[in-house]
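Reading the structure
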Amino acid sequence: MFSHCQIVGETARELLRRLPDWVNRELFPEGADLTAAIHDVGKVSPTFQEKLHRVISGIPHSLPELAGVDPALERQWGGHSGLSQLTAQELHLGKFIPEIIGQHHGYSPPVGARLASDAVFGGPAWQQRRAELVQALRQTLQSQCPAVTTPLQARLLAGLTTVADWIGSGSLFDDPETDWRPCISQSLDNAGFVQPTFLQGLSFSDIFDGKQPRESQQRFIEEVHQPGLYILEAPMGLGKTEAALYAAYQVLSDGQASGLYFALPTQLTSDKIHDRTSLFLKRILDPASPHRYPLLLHGNAWLKALELGEEGAPGGSWLEAGKRGILAPFAVGTIDQALMAVMNVKHGFVRTFGLAGKVVILDEVHSYDGYTGTIVEELVKALRQLHCTVIVLSATLTRQRRAALTGLSAISEDYPLVSALPRQGNLLEKSTAALVDVNVNLTFASDSEALEAVMQRAEEGQQVLWIENTVAEAQVSFTLLAARAESLGIECGLLHSRFSKLDRQTNEAYWVRCFGQDGYASRQQRGRILVGTQVLEQSLDIDADFLVSRFAPTDMLLQRIGRLWRHADTPRPSAARREAWLLAPDLEDALTDTAQDFGTSAKVYSPYVLCRSLEIWQELNAVALPGQIRPLIERTYASREEEGEWLSMLTQLEQEREKLQRLALLGVSSAVPTLPENKASTRYAEQDNVEVLMVKRFGIEQTPAGIAVRLPDGAELTLPAQGQGLTLAQRREYTAKLMLHTVRVVEYLAPLPVLASTLRHLEGYLYLGKAKNDEAQLRIAKVLDSGELIALDGGPASTKYDLSYDHLGYRAEK
């Protein structure tokens, strides 16, 4: 017990040493290592010791002194972490310290009004032993508990404590006979906490293949020279990503940032930006830097390259690269992971710790979703306090949203625009040279009219995008289009979030290449139709000749139109015209029955914002870009007095915003229940939050060798139950293969839960979710050759939906 606490304290101390001096000095108070060390004092208790003895001996009541002790009681106060919190309270260790150590398993324990000296915890005698352990750690570490001054600093220390505990529980510390001291440094290396070394004095052209920065890029780059908030508003295709990366390089190479986190709206867009960021890192890192290889770890590379202790091992809740990336020196991920850094959700404070002092790029920040915007504002505010360099990129930001992000009045209505609020300095708004407009013709059409137009243009050899607002709509539209396209020799593809990881990787690589610059040679071979969801509008460098889009908020429509004729040098058929067709209801009908006329789009986007957008766009037969971007956005979101149906929809949106504000809790508090991640919605629409494993066979009848599993790609695995007898590397290999056949869906569309006894066979490979914490649990379904999904026992996978998985991805039909 004492050794583990000491290991965690020393790990925390070494973690802090590996941060830039200014981050350590300005954000972490002295004594942070002791806070981490005392996290497990609650294990000095009758209930925990009885549980431990039962595990070791396999015999209940193995010690006479513990006779009558029931370990199951620990559920009432959150286990040993709850008692650690109560112990710190009774010892008066300082403001926030009890809550910090109480939350090291991710949740605020339900300690209620209990006292550490209560009889159920062993009374005063056991509390005295806990106090002695704290004192021994003080003396050994030569440290005192820190003076924590703010809730945000408390979150930082909670994150440090938890990460140090994960690493200090890793495989290098398993052997009690081994001297653990040399393992501290190695364990941190293995977890990826290594300071990178940068090449100095590189120019923009050095990093980006000889390109010279455009005026808007150059003006932005000139302003980013220290931590602060920097906003670049510019049209699609103007190189905002390159401007942000070069600005990040300036701050990183100058020693004013501890790393880089590039946050994007969706997993697909983060996958594609990953490739560009990897190349960027190769150019800026010294050849001797340990991060030059493997550079930016991605996908299943996380499983094989880095070890983050028990919680980050196969079967742990932080196994996924999407979560772990936020702790790495360099990562590309989704904005949801960053947003949870300021929410009272499981391990939200680990994300806070992971972002401290970094360059954080928030890409595709728009005005459409006041719901998400509420928490983005909280995130930006917190990042600035964490001495981050925050870079916000957007093509469609209102002046009001810009003011909310900076916390100051926004004056300029110019476009493109650079806004800079350095940590030491005042807000600056700097306009750049106006750009030449291009006109895009608009047509409002029915689905059937659009289908005919798409087929005609694809027959002419055009590359066509058809964008829907939901996965289900994209699947239906693809089915209709593909049936017609096949007989005409037209290639038809589908991209959305509900493919397995394996299929998604294959689909994305092919179709993004076809519609990108790498596919120029193949464009003239045949016409193509790519159907997809919002993933096609965000951060992807794809170029279409013709666009059809389901109606969406103004921001999203402009983003989608930005995929049209993106590059001047793209080869196009002579008949191609720059035009977009919009699938939209009549406004008057929509106001009468929004759910009926907008359909499922009204579940993805606020009905109020949809109607405000339609009110403007129905007047247009063409749009001039980028000249009309700012006016269209400002008109859509301008405040105004409402009545009737308009007022009802606005009220609904405001209620949703208030709900999210209540979730945006920066404090480490035991007074407010901590939400599991799957319950923490960061967007107006539902999010896919349940993991589904799809198999061809799952041998419940356990053989001596383990569970027999056949995967959809034909791979045959024999999994020893709970990973018994396997090395960590072997479990990682199995986990990597299993994860390729998982897909995320919303909970009500997921297969029914399987028996806990069946699920336990996968412990040690995949994170199963903890029912006691109301977490979403892993679901399993068999895939028949027909594509139908069924339960492992052969029954229906769902009682409400017919579930299937095939070339359309995951489907659920009533």
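This text follows the structure it describes.
Residues numbered from 1 in each chain as written. Predicted model: local features only at pLDDT ≥ 70, side-chain atom pairs only at ≥ 80, totals over all residues. Heavy atoms only, no water.

**With respect to the overall build of the protein chain**
A count of helical and extended segments in the protein chain gives 32 helices and 23 strands. Taken over the C-alpha trace, the protein chain has a radius of gyration of 28 Å; the compact-globule value for 814 residues is 28 Å, and the two agree within 12%. Its C-alpha atoms give the protein chain principal-axis dimensions of roughly 85 × 65 × 60 Å. The burial tally for the protein chain puts 60% of its 814 residues in the buried class. For the protein chain, restricting intrachain contacts to residue pairs at least 6 apart in sequence, the fraction spanning at least 24 positions comes to 75%. Carbon and sulfur atoms provide 49% of the accessible area of the protein chain, an area that totals close to 31800 Å². (Helix = DSSP H or I, 4+ residues; strand = E, 2+ residues; numbered from the N terminus. Rg over C-alpha atoms; globule rule 2.2 N^0.38 Å. Buried < 20%, exposed > 50% of the residue type's maximum accessible area, 1.4 Å probe, protein only. Contact = heavy atoms within 4.5 Å. Areas by Shrake-Rupley, 256 points an atom, 1.4 Å probe, with all protein chains shown as cover.)

**With respect to helix 9 (residues 181-191)**
Looking only at helix 9, the buried set comprises Cys 183, Ile 184, Ser 187, Leu 188 and Ala 191. For helix 9, the angular spread of buried residues about the axis comes to 135°, placing them on one side. Each element contacted by the buried residues of helix 9 is listed here: helix 1 (2-17) and helix 8 (151-168). Downstream of helix 9 by a residue or two, Gly 192 has a phi angle that is positive, lying close to 95°. (Arc of directions from axis to C-beta.)

**Focus: the environment of Ala 797**
Note that Ala 797 resides in the loop between strand 21 (789-790) and strand 22 (802-806). Note: C-alpha distance between Ala 797 and Ser 258 (539 residues apart in sequence) is 47 Å. When neighbours within four sequence positions are excluded, Ala 797 is seen to be in contact with Pro 751, Leu 752, Leu 789, Ile 790, Ala 791 and Leu 803.

**Digging into the packing of aromatic side chains**
Applying the stated criterion across every chain, the model contains 13 aromatic pairs. Geometrically, the ring pair formed by Phe 28 and Phe 353 is edge-to-face, given 6.1 Å between the ring centres and 75° between the ring planes. Of this pair, Phe 28 sits in the loop between helix 2 (21-27) and helix 3 (32-37) while Phe 353 sits in helix 17 (residues 348-355), and the two are 325 residues apart along the sequence. Phe 353 shares its class with Phe 28; the two are buried. Ring geometry for Tyr 246 versus Tyr 249: centroids 5.7 Å apart, planes at 45°, classification tilted. Placement of the pair is Tyr 246 and Tyr 249 together in helix 12 (residues 240-253), with a separation of three residues, close to one helical turn. According to the relative accessible area criterion, Tyr 249 is buried, its value standing at 2%. By the ring-pair criterion, three or more aromatic residues cluster together here, those being Phe 204, Phe 208, Tyr 246 and Tyr 249. (Phe/Tyr/Trp six-rings, centres within 6.5 Å; stacked < 30°, edge-to-face > 60°.)

**Overview of the packing of helix 11 (residues 215-223) against helix 12**
Each pair of packed helices gets described by two things: the angle between the helix axes and the distance between those axes. Two numbers describe how helix 11 lies on helix 12: the axes approach to 9 Å, and their chain directions differ by 25°. On the basis of their axis angle, the class for helix 11 and helix 12 is roughly parallel. Of the two possible hands of crossing, helix 11 and helix 12 adopt the one that is right-handed. Seen from helix 11, the contacting residues are Gln 217, Phe 220 and Ile 221; seen from helix 12, they are Glu 242, Ala 243, Ala 244, Tyr 246, Ala 247 and Gln 250. Of the residues in the contact of helix 11 with helix 12, the class split is six nonpolar, two polar and one charged. (Axes fitted to C-alpha atoms, helices over the stretch in contact; angles between N-to-C directions. Parallel < 35°, antiparallel > 145°, perpendicular 65-115°, else oblique. Left-handed = near helix turned anticlockwise from the far one by under 90°. Nonpolar A, V, L, I, M, F, W, Y, C, P; charged D, E, K, R; others polar.)

**Here we look at the sheet that holds strand 13 (residues 579-583)**
What the seven strands build is an open sheet, ordered 10-11-9-12-13-8-14; its pairing is mixed. Both outer strands of the open sheet, strand 10 (491-495) and strand 14 (622-625), are each paired with one neighbouring strand and no more. Averaged over all pairs of adjacent strands, the angle between their axes in this sheet comes to 20°, without regard to strand direction. Pairing geometry for strand 10 and strand 11 (residues 528-532), over five bridges, is parallel. Bridging from a neighbouring strand, Glu 491 pairs with Arg 528 of strand 11. Strands strand 9 (463-467), strand 10, strand 11 and strand 12 (546-550) of the sheet are contacted by helix 21 (residues 471-488), whose axis makes an angle of about 170° with strand 10. (Pairing = 2+ DSSP bridges.)

**Quick word on the sheet that holds strand 16 (residues 697-698)**
The strand order across the open sheet formed by three strands is 16-17-18, and the pairing between neighbours is antiparallel. Here the strands that pair on one side only, and so sit at the sheet edges, are strand 16 and strand 18 (716-719).

**Concerning the pattern of salt bridges**
Scanning the entire structure with this criterion turns up 45 salt bridges. Notably, a salt bridge pairs Asp 189 with Arg 18, separated by 2.6 Å at the nearest N-O pair. Of this pair, Asp 189 sits in helix 9 while Arg 18 sits in the loop between helix 1 and helix 2, placing them 171 residues apart in sequence. The salt bridge partner of Glu 223 is Lys 430, with a shortest N-O separation of 2.6 Å. (Salt bridge = Lys/Arg side-chain N within 4 Å of Asp/Glu carboxyl O.)

**Concerning helix 28 (residues 607-617)**
Extensive coverage of helix 28 is indicated by the burial of ten of its eleven residues. Where helix 28 is concerned, the buried positions are Pro 607, Tyr 608, Val 609, Leu 610, Cys 611, Arg 612, Ser 613, Leu 614, Ile 616 and Trp 617.

**So, the packing of helix 28 against helix 29 (residues 629-637)**
Interaxial distance between helix 28 and helix 29 falls to 9 Å at its minimum, and their mutual angle equals 130°. It follows that helix 28 is oblique to helix 29 by the angle criterion. Relative to helix 29, helix 28 is oriented so that their crossing is right-handed. Seen from helix 28, the contacting residues are Val 609, Arg 612, Ser 613, Ile 616 and Trp 617; seen from helix 29, they are Leu 632, Arg 635, Thr 636 and Tyr 637.

**Here we look at the side chain of Ser 143**
Checked against the element boundaries, Ser 143 lands in the loop between helix 7 (123-141) and helix 8. Ser 143 sits in the buried class, given a relative accessible area of 8%. With residues up to four places along the chain from it excluded, the contact list for Ser 143 reads Arg 13, Gly 31, Asp 33, Leu 34 and Arg 138.

**Digging into a nonpolar patch on the surface**
The grouping of Leu 52, Val 55 and Ile 56 at the surface amounts to a nonpolar patch, some 320 Å² of accessible area in total. You can see Val 55 is positioned in helix 4 (residues 46-57). (Patch = residues over 30% accessible without salt bridge, like charges linked within 9 Å, V, L, I, M, F, W, Y side chains within 5 Å.)

**Quick word on the nonpolar core**
If you look at the biggest cluster of nonpolar residues, it comprises 85 residues, and the most contacted ones within it are Phe 28, Ile 38, Leu 160, Phe 193, Leu 327, Leu 355 and Leu 362. Per-element tally for this core: the top contributor is helix 8, with ten residues. If we ignore the near neighbours within four places in the chain, the residues touching Phe 193 are Leu 15, Arg 18, Val 163, Ile 167, Leu 188, Leu 308 and Leu 327. Counting 53 residues, the second largest nonpolar core, distinct from the first, contains Leu 495, Met 556, Ile 561 and Ile 633. (Core = buried A, V, L, I, M, F, W, Y, C linked by side-chain atoms within 4.5 Å.)

**What about unusual backbone geometry?**
Of note, the bond from Tyr 415 into Pro 416 is cis; its omega dihedral lies within 30 degrees of zero at -5°. Position of Pro 416 relative to the elements: it lies in the loop between helix 19 (399-406) and strand 6 (417-422). Following Leu 625, the chain continues into Pro 626 via a peptide bond in cis, with omega recorded as 5°. Counting through the fold element by element, Pro 626 comes out in the loop between strand 14 and helix 29. Non-glycine residue Asp 209 carries a positive phi angle of around 55°. With respect to the helices and strands, Asp 209 occurs in the loop between helix 10 (204-207) and helix 11. Relative accessible area serves as the criterion here: at 59%, Asp 209 is assigned to the exposed category. Phi at Glu 364 is positive, roughly 60°, even though this residue is not glycine. Inspection of the secondary structure puts Glu 364 in the loop between strand 4 (359-362) and helix 18 (370-385). With a relative accessible area of 13%, Glu 364 lands in the buried category.

**Focus: the pairing of strand 4**
For a regular strand, the rule is simple: side chains alternate between the two faces of the sheet. Side chains of strand 4 alternate between two faces, with Val 359 and Ile 361 and Val 360 and Leu 362 buried alike. Pairing analysis gives four bridges linking strand 2 (residues 260-264) to strand 4, with the strands arranged parallel. Residue Tyr 261 lies in a different strand from strand 4, and its bridge partner there is Val 360.

**Some words on the environment of Leu 675**
Counting through the fold element by element, Leu 675 comes out in the loop between helix 30 (644-663) and strand 15 (690-695). As a C-alpha pair, Leu 675 and Met 343 span 332 residues in sequence and 8.8 Å in three-dimensional space.

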